[in-house]
Amino acid sequence: NSKVIQTPRYLVKGQGQKAKMRCIPEKGHPVVFWYQQNKNNEFKFLINFQNQEVLQQIDMTEKRFSAECPSNSPCSLEIQSSEAGDSALYLCASSLLGLSYEQYFGPGTRLTVL
Amino acid sequence: GDSVTQTEGLVTLTKGLPVMLNCTYQTTYSPFLFWYVQHLNEAPKLLLKSSTDNKRTEHQGFYATLHKSSSSFHLQKSSVQLSDSALYFCALGTGGYKVVFGSGTRLLVSP
């Protein structure tokens, strides 16, 4: 069973407010992914890290979204100014290094922007 | 760019019948394909994975064969159970450790 921990499980924010969520990857996993799962259950890749370094990120995350994976601290994803369209389930996953390795997902943080 | 296509958004079946969920992909890299299952209010979990052409891989009664010639990795089960009701995602591992997910297929199994 996955041991990826995500907090909080639920987050409610007003438009324009900051929203921050955290993820502790599975022990020994150097790669961390963030996804946004919308109400249609579609996955959108946001960003991934190898240890503390960003591997890839989409354009969206370069604007209102920021993420980091500091050494010896939980990874985090922050939305600087929440919009209604940001309402979604944010999933964190971790894996070993290499394309063939499965991702272990956390339970997600469900963000609702009012 | 890399992509994964799942043609069925919803599949409804009666318990005991066989099922096939379609997955095709496009990539310029050597493909690694995955099937993840997500039950209601749970995290996605790996069901199957493969990178070997024409080799069947099986787990928990589900099976799939990667066919590079047709860029497909369809998920099958010979007899579905009520507990198989869930969302199923096909995913493609690509360069840069990025994984591309398909749009998902919801499987509903009725008694």
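Just above sits the structure.
Calculation rules
- Residues numbered from 1 in each chain as written.
- Chains lettered and ligands numbered in written order.
- Predicted model: local features only at pLDDT ≥ 70, side-chain atom pairs only at ≥ 80, totals over all residues.
- Heavy atoms only, no water.
- Helix = DSSP H or I, 4+ residues; strand = E, 2+ residues; numbered from the N terminus.
- Rg over C-alpha atoms; globule rule 2.2 N^0.38 Å.
- Core = buried A, V, L, I, M, F, W, Y, C linked by side-chain atoms within 4.5 Å.
- Buried < 20%, exposed > 50% of the residue type's maximum accessible area, 1.4 Å probe, protein only.
- Pairing = 2+ DSSP bridges.
- Axes fitted to C-alpha atoms, helices over the stretch in contact; angles between N-to-C directions.
- Contact = heavy atoms within 4.5 Å.
- Buried area = accessible area lost by both parts, 1.4 Å probe.
- Salt bridge = Lys/Arg side-chain N within 4 Å of Asp/Glu carboxyl O.
- Polar contact = N/O pair within 3.5 Å; in protein donor to acceptor, adjacent residues only side chain to side chain.
- Nonpolar A, V, L, I, M, F, W, Y, C, P; charged D, E, K, R; others polar.

Trainee: Where do I start with the overall build of chain B in this structure?
Mentor: For chain B, the count of helices and strands is 0 helices and 12 strands. When the elements of chain B are put in sequence order from the N terminus, they spell out β-β-β-β-β-β-β-β-β-β-β-β. Relative to the 2.2 N^0.38 estimate, which gives 13 Å for 111 residues, the radius of gyration of chain B is 13 Å and therefore close to what a compact globule would have. Dimensions of chain B along its principal axes, counting C-alpha atoms only, are 45 × 30 × 20 Å.

Trainee: Please explain the nonpolar core as it appears in this structure.
Mentor: One broad trend across soluble globular proteins is that nonpolar side chains are buried collectively. Grouped together as the largest cluster of nonpolar side chains are 25 residues, with contacts concentrated most on Leu33, Trp35, Leu47, Leu75, Tyr88 and Leu107 of chain B. Core analysis: the second largest hydrophobic core is formed by 20 residues, Val32, Ile47, Phe65 and Cys69 of chain A among them.

Trainee: Whenever I open this one, the sheet that holds strand β8 (residues 62–65) of chain B confuses me. Can you help?
Mentor: Sheet strands associate in pairs through backbone hydrogen bonding, adopting either a parallel or an antiparallel arrangement. Residues and elements named next belong to chain B. Reading across from one edge, β3-β9-β8-β7 is the order of the 4 strands in this open sheet, with antiparallel pairing throughout. What marks the edges here is a single partner per strand, and that holds for β3 (19–21) and β7 (56–59). Sheet twist, expressed as the mean angle between neighbouring strand axes with direction ignored, is 20 degrees. By the bridge criterion, 3 bridges tie β8 to strand β9 (residues 75–77) in an arrangement that is antiparallel. Note on β9: the bridge partner recorded for phenylalanine 62 is lysine 77.

Trainee: In this structure, what is going on with the interface of chain B and chain A? I would like to understand it.
Mentor: On the chain A side, the residues contacting the 21 residues of chain B number 24 residues. Summing both sides of the interface, chain B and chain A together bury roughly 1900 Å²; the carbon and sulfur share of this comes to 62%. Three residues, Tyr97, Lys98 and Phe101 of chain B, lead the burial of chain B against chain A; their summed loss comes to 31% of the area buried on that side. Here chain B is connected to chain A by 0 salt bridges. At the junction of chain B with chain A, the criterion picks out 2 residue pairs in polar contact (both at pLDDT 80 or more). Among the secondary structure elements, those contributing two or more residues to the side of chain B that touches chain A are β5 (32–38), β6 (45–50), β10 (86–93) and β11 (99–101) of chain B. For the side of chain B that touches chain A, the element with the most residues is β5 of chain B, which contributes 4 residues. Here the residues of the side of chain B that touches chain A sort into 11 nonpolar, 6 polar and 4 charged.

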